[in-house]
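# Descriptive analysis of the structure
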Amino acid sequence: MNVNSRTDVFDVIIVGGGPAGLTAALMLGRACKRVLVCDAGKPRNQVVHAAHGFFSQDGISPVQLLQIGREQLHPYDDVEIQVGEVVDAQKLGDRFQVTLSDGNQFVGRKLLLATGMKDSLPAIDGFAKLWGSSIFHCPYCHGWEVRDQPLAIYGKGEVGLEMTFMLTGWSRDLVLCSDGSAELTDEQRQQLSNWGVQLREEKIARLEHQDDKLTGIVFTNNEVLPRRGILLRPRSYQHSHLAAKLGCKLGNDDIVQVDETKQTSIPGLYAVGDVSSPYSQIAVAVASGTIAAVSINQTLTEENLVQLR
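This write-up is about the structure you can find in this document. In this text, all values refer to a predicted model and were calculated from it rather than measured experimentally.

### Description of the packing of aromatic side chains
- Following the criterion strictly, the structure yields 4 aromatic pairs and no others.
- Taking 6.4 Å as the distance between ring centres and 65° as the angle between the ring planes, the aromatic pair formed by Phe10 and Phe106 counts as edge-to-face. Of the two residues, Phe10 is situated in strand β1 (residues 9-15) and Phe106 in strand β6 (residues 105-113); the sequence distance between them amounts to 96 residues. As far as burial versus exposure is concerned, Phe10 and Phe106 are alike and both buried.
- Sitting over the face of the ring of Phe10, Arg34 holds its NZ or CZ atom 4.1 Å from the ring centroid.
- The lysine or arginine in question, Arg147, covers the ring of Trp144, its NZ or CZ lying 3.6 Å from the ring centre.

### Things to note about the nonpolar core
- Ranked by internal contacts, the top residues of the largest apolar core, which has 23 residues, are Val12, Ile14, Ala25, Leu28, Val35, Leu112 and Ile296.
- Breaking this core down by element, the ones donating at least two residues are β1, α1 (19-30), β2 (35-39), β3 (79-83) and α8 (282-307).
- With residues near it in sequence (within four places) discarded, Val12 still touches Leu28, Arg34, Val35, Leu36, Lys110, Leu112, Ile296 and Leu300.
- By size, the runner-up hydrophobic cluster in this structure holds 22 residues, among which are Val86, Phe96, Val98 and Leu100.

### Considering the pattern of salt bridges
- This structure, assessed with the given rule, holds 13 salt bridges.
- Between Arg109 and Asp11 there is a salt bridge, with the nearest N and O atoms lying 3.1 Å from each other. Residue Arg109 is located in strand β6, and its partner Asp11 is located in strand β1; the two are separated by 98 residues in the primary sequence. No difference in accessibility class separates Arg109 from Asp11, as the two residues are buried.
- We note a salt bridge from Arg200 to Glu202, for which the minimum N-O separation is 2.8 Å.
- By relative accessible area, Arg200 is classed as buried at 8%.

Cut-off values and rules
- Residues numbered from 1 in each chain as written.
- Predicted model: local features only at pLDDT ≥ 70, side-chain atom pairs only at ≥ 80, totals over all residues.
- Heavy atoms only, no water.
- Phe/Tyr/Trp six-rings, centres within 6.5 Å; stacked < 30°, edge-to-face > 60°.
- Helix = DSSP H or I, 4+ residues; strand = E, 2+ residues; numbered from the N terminus.
- Buried < 20%, exposed > 50% of the residue type's maximum accessible area, 1.4 Å probe, protein only.
- Lys NZ or Arg CZ within 6 Å of the ring centre and 35° of its normal.
- Core = buried A, V, L, I, M, F, W, Y, C linked by side-chain atoms within 4.5 Å.
- Contact = heavy atoms within 4.5 Å.
- Salt bridge = Lys/Arg side-chain N within 4 Å of Asp/Glu carboxyl O.

Laid out in structure tokens, this is it:
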């Protein structure tokens, strides 16, 4: 389902072929709309061995899940996939034009960004290697695999306290590692104590591991804290510059602001998945793709009927 550069107009161009983008493409294809999906093949969860919490597909490889999603688009002749990175996008009147890294350009009546986010990990030896295996961002997605084991939370302040509170449902052997000052009040420190959670404010030198399994956290004083997993909420930022380039309003944590239909501050431009939501679960991404597709189809249908007058 590859296409070449052409002068005609797609109903919708979707940038990003993850769960949110492919779901939107499926819904729009079933609504008889002509869709182009541009996919650079760089999913946020590509380092994860298994995806969890997605109904009927719990434990599936993220790579396999996307493969199934693409295969299920085959019956819809009006849905096409272009492999490549969109490096530029601009609004031309009531149309959107995207440019791929190979120079191909395509025009659509509506543009849907499903470009995702990128994570910024601590610059500590071991974090990058263990990210997606022993180090996880969501206990709902990966906590069950390390339930009842000795775990750590990497964080400080309100965020660190919030993550610690959440993880108590998976393990009671918890240590909050703040890698420096914990930035907690006396009352918050007492909360940790009441929960039976130890606080370690020493700087972290590195992580010890065997293959891709965490065995311990090594502090700068060479003391080793045996742990089997770390909950981390990394700083994230836009995987693509397109939202900013097009003038979208951005909210907290660099997330694109959207309304209840997933439309951005730019008319005709939509954003789905974690690019416009603090939730990174696959089920949430799929839901957002569905909501956007229904809204886009309704708008396109209204525009088509107006042209018949």
